[in-house]
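Results of the structural survey
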Amino acid sequence: MDPIGVTVNGVTHPLRGVAVHTSALDWLRDLGLTGCKEGCAEGECGACAVLLAAPRDDGGTEWTTVNACLVPAAALDGQEVVTAEGLGSPEHPHPVQAGLAEAGGSQCGYCTPGFACSMAGEFYRAGRTAGDETADGHHGPNGFDLHALSGNLCRCTGYRPIRDAAYALGEPDAHDPLAARRERPAPGPAATRLGDGDERFVRPASLDEALTLLRDEPEAMVVAGTTDWGVEVNLRGRRAALTIAIERLPELRTLAFSDDASLEIGAALSLSEIERGLDGRVPLLAEVFPQFASPLIRNRATIGGNLGTASPIGDTSPALLALEARVVLVSADGEREVDLAEYFTGYRQTLRRDDELIRAVRIPMPLAGLAAFHKIAKRRFDDISSVAVGFALDLDDGVIASARIGLGGVAATPIRARATEAALMGREWNRETAREAASVLGTEGTPMSDHRASAEYRALMLGTALLKLSRSTPFTTEEVPA
Amino acid sequence: MSELAARPTDPVVGRRTPHESAALHATGAAVYTDDLAALTAGVLTAWPVQSEQAHALVTLDVRPALDVPGVVRVLTADDVPGVNDAGVKHDEPLFPSEAMFHGHALAWVLAETADAARLGAAAVRVEYETLPSIITVPEAIEAGSFQGIPRTIRRGDPESVLATAPHVFEGVVEVGGQEHFYLETHASLARIDSEGQVFIECSTQHPSETQEIVAHVLGLPNNRVTVQCLRMGGGFGGKEMQPHGFAAIAALGAMLTGRAVRLRLNRTQDLTMTGKRHPFHIVWKAGFDDDGRILALATTLTSDGGWSLDLSEPVMGRALCHVDNAYWIPHFVAQGRIAKTHKTSQTAFRGFGGPQGMFVIENVLGLAAPALGIDAATLRERNLYVPGQTTPYGQPVRHAERLHTIWNELRHTSEFDARRARIAAFNAEHDDVKRALAITPVKFGISFTLTAYNQAGALVHVYKDGSVLVNHGGTEMGQGLHTKMLQVAATALGVPLEAVRLAPTRTDKVPNTSATAASSGADLNGGAVKHACEQIRDRMAAVAGRMLGIDQRDVRFSGGRVAGLGVVPPGSVEVSGSSFTFAEVAQAAYHQRVQLWAAGFYRTEGLHWDAETMQGEPFKYFAYGAAATEVEVDGFTGVSRMLRVDILHDVGDSLSPIIDLGQVEGAFVQGAGWLMLEELRWDTGDGPGRGRLLTQSASTYKLPSFSEMPEVFNVRLLEHAAEDGAVYGSKAVGEPPLMLAFSVREAIREAVAAFGPDGCSVDLGSPATPEATFRAIMAARAAVGAAGERPGTDAAATTAGPRLVPSDS
């Protein structure tokens, strides 16, 4: 319960007296660190990006980038934050700042501190190595992954000079304090109690404490990465009497094969942590991650959060449905496991009781041989799906032995495309099967028209998804796609 | 070369100089308006009470708000000591009794914190007496709901020619609006200083007009109100007219409470309250000869002006002046009118109607090319202006040969023909994905069409130590104006760039300024800064002449040294006494009681414009450019990607190449966003949400991100391009390159056509989102089945199609 303050740019600032729902962005600005900007207050633009010291698997620290607008200041108790001001000054700029300035990477400059932070996060990424994968179109000769900047919007430059600045970065020099900081452990979680009376923020010290708290006050708002709750607070003015932060509880941060050989993914792991931890071992999820929002979001957003909000347009759900994932729910009374396909009961409603936490998801093994994730959105990165489709097909000698298809964006909940699955089962996987099943898939769900897409387009996209899959997947029969 | 355009040897203009604030930007040290508020103790926050109906009489009960802890005051119409209006047309009540759009601010709550202000605003009770509303342009046309004065540009006899032309096409098309989405939303911070002066820090492109509106709302003379703009986090036209009312609210709050008041819109407020690029509804009819030469064009443009006039008239004027884009159209009529709808008041946005005007002819050419059986690039090239021709409004197209130079050079450097052949081969091999490469030109007129705006002022100080302070009337919104002005001053005074500092824009330094708009910031203010500097330099030359024992006409200023002609070539070792430092001469001038500061003034010469007949020479010159863009379109989804973009653009002789390159690239991507991605959607249904903007956040209104950057992006500036009519031979750059993005739209159109039969004409919605593109692909594929007949809208072949609005009713 010790720390009740945040180390910002090396200086500890007290949190006492800070309102529970104050975002890190507003708190930093009140400290005078106005380089941190509000562009949207919903994690879309990255103008508020800052660096946060996070634990690395090997016991060291990594500098992760997060949207300060979405994180409550209270959630940072005991943590270390670096802002653009902490990276460097006009007289002594950090290499990413000098690079941005010299390359013409800033015009109006409002987004630039956020870009500098995102760029610094990638600059310090362990495993960024020169000469890798330049052919994929988004890695520089210095190993810089341009996707690191996909959560930062710039309205002035058209991005080219920012890319050039990123690709021209070298390695941190020998005296770089932030590089050196990586070798020491990150701050551990600090059990936190902030506020009183009307509004309280609690980070329980243990799972038991969390579950007890939740049993006693089931109306509490449970938060992990706060990438959804932060939007509710900022844009819709929502407030909670009790906010319980659970993302550092060890029981919720597992990533392992459990006794029954299924893969267990802790609900409170960030998507970035899962992506790194799985390292491509679940190809369907590996396809989802790069398309899920932006790194600034993925560094905070959790799989439990994505299932907890139960949004019909969350991107992990269609994939997890196709993987036949099960949800592990825990309460003071114990654990239970439910099939994800039965977990969603209505628009943003689920089987989870108010006194339960999502502890993990379990993915049965072995995985299907053929998997793909299709996301339809206006923008390739950092956008919300109009339609998302997760495919997992098992072929036995060219015949479809099992088919599981998860859909997002076409009903009040994420759904399985049961009729399409039935239409595929037992058929030979060929062009004609794909075409016939596609016409079934086009009728699944009950898509609606909204500002993202029309109902008609959503249905059409369902219809083309299998055709697209069939074109990108070799058939096992003699037929070869054109 | 004119004195205005000529450069001295070793000028500071033309050097590759990063943005003057770049180091501040990158380190978070650059201060914006609301950053000041964060550092101001005891500041109150203003929060709007927004209408929840599109059109209604409203009655407010503000008392419940006063019960909310932290609320200090609620501002209403009763509080206005002066004129209750935020516009220049007196059609924008600051506190309305009639809500004119969903989101309209009806009252403002002042509170100790943003949270308290928000809760206070929610507590205000609003009674609505619902009135009928008009949301879409077709609804407005149907209802005859227009505002402002309709205008027509006419040349020749288009009606007769269209009646006899060998090939006639017609159609109706709508082009969507665009949200500015400057990263910094509208912001003002007002306080009353010890002398009773109202001092407003404001994110505004037009400080003088902000000052005037604040003064008339407060009932004060202009000399009691000072507006300062440090810098803006983007403007793009969105802060030309729109900041005034917000500044007035902050100022009114400060005056009534005696405390500093901040007003910063959050993103949703900014999206739902402020104007955008005008959506346009376009009816057109065009005639061609057998060779594809345009014979005549008749078009009627109806812009969606929103609830008030704002800048809709000059926006339409510029639209009408750009329907021709870069093409000779002998017989021409374009009429423009402004619909009045219950939406935000649409306003200036980079291009200012020019993009919507050019949309007409580029759309016509893109549709007609396949129907005429002529390749679109050839059709465009065949119709480009040649020297000696004039625009439909009677202005000679000076330097029309540059269009051809640019066109040919770009075709060469982009390997246009070879890539076209490769693309054809690719398309023949791929059924599900198609590529295309399109080239389009830009010709954009530079100058405010309101001639009076074409003036500017500057105030330059040389201090005794030789350091220089520049004030000018232009504002910095990221376009690099201040960087260019520093370079202009350093060039004119012959000092190093580091010797010059630029002070924030303030109305008490340079009065009666024009908006920093119409791409004219550097032309106008550069002229004024140069004028001021040259007065000082000439006076210092007289002093230096005496010091050097030479005639003052032989004194040269360069690199911070003052010497006689030819005495000290740059970089050589000087002979003692043969030259002096700039500071030494300044010091001497002071002791000789020579004035070391000057006011500069500039007016653009040679402009004349008859707004009634829409004839004259409204533009000082034209900016030219062309872009060749290759796209790939996915047949399963309609998603398109820019594979490669090549641009050659004419900025005259660049004042600052890094800045100009950045303007060209940024404008292109912004234009591509408008044409491909950015979609404003309003609730047009009859439910309670009618008129509500549905895309009112960053998560629903999508602007280009890194993933939309062209994979290969080659931008070059035209060389040896001195413009005689502008400062140091440069040209304006802010707006023209935005319209290079038509190459993207036309490439998408051609790629979609590749899904259809040969000669397939593609009608493409705008923006060409994946959904709109997919619809076009379905239509093109359906045309494969329609055997024999060539698809298209050739009126000679089909009598179907929309009726053309009578050309001069």
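1. Focus: the environment of Thr391 of chain B
All names here are of chain B.
- By secondary structure assignment, the location of Thr391 is in the loop between helix 12 (376-383) and helix 13 (401-413).
- Along the backbone, Thr391 and Trp328 are 63 residues apart, and their C-alpha atoms lie at a distance of 7.3 Å.
- The residues touching Thr391, leaving out its near neighbours within four places in the chain, are Asp324 and Val397.

2. Remarks on the interface of chain B and chain A
- Contact with chain B, which involves 64 residues of that partner, is made by 67 residues of chain A.
- The leading source of residues in the side of chain B that touches chain A is helix 18 (residues 657-676) of chain B, at 7 residues.
- Classifying every residue of the side of chain B that touches chain A gives 30 nonpolar, 22 polar and 12 charged.

3. Quick word on the sheet that holds strand 21 (residues 555-558) of chain B
Residue and element names in this part refer to chain B.
- The 3 strands lie next to each other as 21-22-23, forming an open sheet whose pairing is antiparallel. This sheet does not close on itself; its edge strands, each paired only once, are strand 21 and strand 23 (579-581). Strand-to-strand twist of the sheet, defined as the mean angle between neighbouring strand axes without regard to direction, takes the value 25 degrees.
- The pairing of strand 21 with strand 22 (residues 561-564) spans 4 bridges and is antiparallel. Across the sheet, residue Ser558 finds its bridge partner in strand 22, namely Arg561.
- Sitting on the sheet, helix 16 (residues 521-548) is in contact with strand 21, strand 22 and strand 23, with an inclination near 115 degrees to strand 21.

4. Digging into the packing of helix 11 (residues 354-372) of chain B against helix 19 (residues 742-753) of chain B
Residues and elements named next belong to chain B.
- Their axes nearest at 11 Å, the elements helix 11 and helix 19 cross at an angle of 25 degrees. In this view, helix 11 runs roughly parallel relative to helix 19, as classed from their interaxial angle. For the crossing formed where helix 11 meets helix 19, the hand is right-handed. Contacts from Met358, Glu362, Gly366 and Pro370 of helix 11 reach helix 19 at Phe742, Glu746, Arg749 and Ala753.
- Of the residues that constitute the contact of helix 11 with helix 19, the class distribution is 4 nonpolar, 1 polar and 3 charged.

5. Details of the nonpolar core
All names here are of chain B.
- Among the nonpolar cores identified, the biggest contains 418 residues, and Val109, Val214, Ala250, Ala251, Val460, Ala489 and Val752 are the most heavily contacted of them.
- In terms of residues, this core owes the most to one element, helix 16, which gives 12 residues.
- Once you skip the residues sitting within four places of it in the chain, Ala250 turns out to touch Ala46, Ser188, Leu189, Ala190, Ile200, Val261, Arg262 and Leu263.

6. Points about the domain arrangement of chain A
Residues and elements named next belong to chain A.
- Domain annotation of chain A identifies domain 1 (1-187), domain 2 (195-367) and domain 3 (385-479).
- For domain 2 versus domain 3, the distance between C-alpha centres works out to 27 Å.
- Contributions of two or more residues to the side of domain 2 that touches domain 3 are made by helix 13 (316-322) and strand 14 (344-346).
- At 6 residues, helix 13 tops the list of elements feeding residues into the side of domain 2 that touches domain 3.
- Among the residues forming the side of domain 2 that touches domain 3, the class breakdown is 13 nonpolar, 3 polar and 2 charged.

7. As for the sheet that holds strand 19 (residues 500-502) of chain B
Residues and elements named next belong to chain B.
- Sheet architecture is open: 4 strands sit in the order 19-18-17-24, paired in mixed fashion. Every other strand in the sheet has two partners, leaving strand 19 and strand 24 (597-603) as the edge strands with one partner each. Neighbour-to-neighbour, the strand axes of the sheet open up by a mean angle of 25 degrees, direction not taken into account.
- In terms of strand pairing, strand 18 (residues 468-472) meets strand 19 through 3 bridges, oriented parallel. Across the sheet, Val468 pairs through a bridge with Val500, a residue of strand 19.

8. A word on helix 8 (residues 229-236) of chain A
- Looking at helix 8 of chain A, one finds that the buried residues are Trp229, Gly230, Val231, Val233 and Asn234 of chain A.
- The inward-facing, buried residues of helix 8 of chain A abut strand 8 (221-223) of chain A.

Calculation notes
The numbers attached to residues start from 1 for each chain and follow its sequence in the written order. All chains are assigned letters beginning with A, and all ligands numbers beginning with 1, in the order in which they are written. A pLDDT threshold of at least 70 governs which residues receive local features in this predicted model, and a stricter bar of 80 or more applies before side-chain atom pairs are shown or counted, although totals over entire chains, interfaces and linings include all residues. In DSSP terms, a helix is any run of H or I states spanning at least four residues, a strand is any run of E spanning at least two, and both are numbered starting from the N terminus. Here contacts are defined at the residue level, using C-beta atoms placed from the backbone and a cut-off of 7 Å between them. Residues are grouped as follows: nonpolar covers Ala, Val, Leu, Ile, Met, Phe, Trp, Tyr, Cys and Pro; charged covers Asp, Glu, Lys and Arg; every other residue, Gly included, is treated as polar. Pairing between strands requires that DSSP locate at least two bridges from one strand to the other. Angular values range over 0 to 180 degrees, each being the angle between N-to-C directions of two axes fitted as lines to C-alpha atoms, with helices fitted over their stretch in contact. Relative orientations are named as follows: roughly parallel for angles under 35 degrees, roughly antiparallel for angles over 145 degrees, roughly perpendicular for angles from 65 to 115 degrees, and oblique for any other angle. In this scheme the crossing of two helices becomes right-handed for a clockwise turn of the near helix relative to the far one and left-handed for an anticlockwise turn of less than a right angle. By definition, a nonpolar core groups buried Ala, Val, Leu, Ile, Met, Phe, Trp, Tyr and Cys residues that are joined through C-beta atoms within 7 Å. Exposure in this text rests on C-beta crowding, where 20 or more other C-beta atoms within 10 Å of a residue's own make it buried, 12 or fewer make it exposed, and counts in between make it partly exposed. The C-beta atoms are placed from the backbone. Each domain's limits were defined by an automated method or a database of domain assignments.

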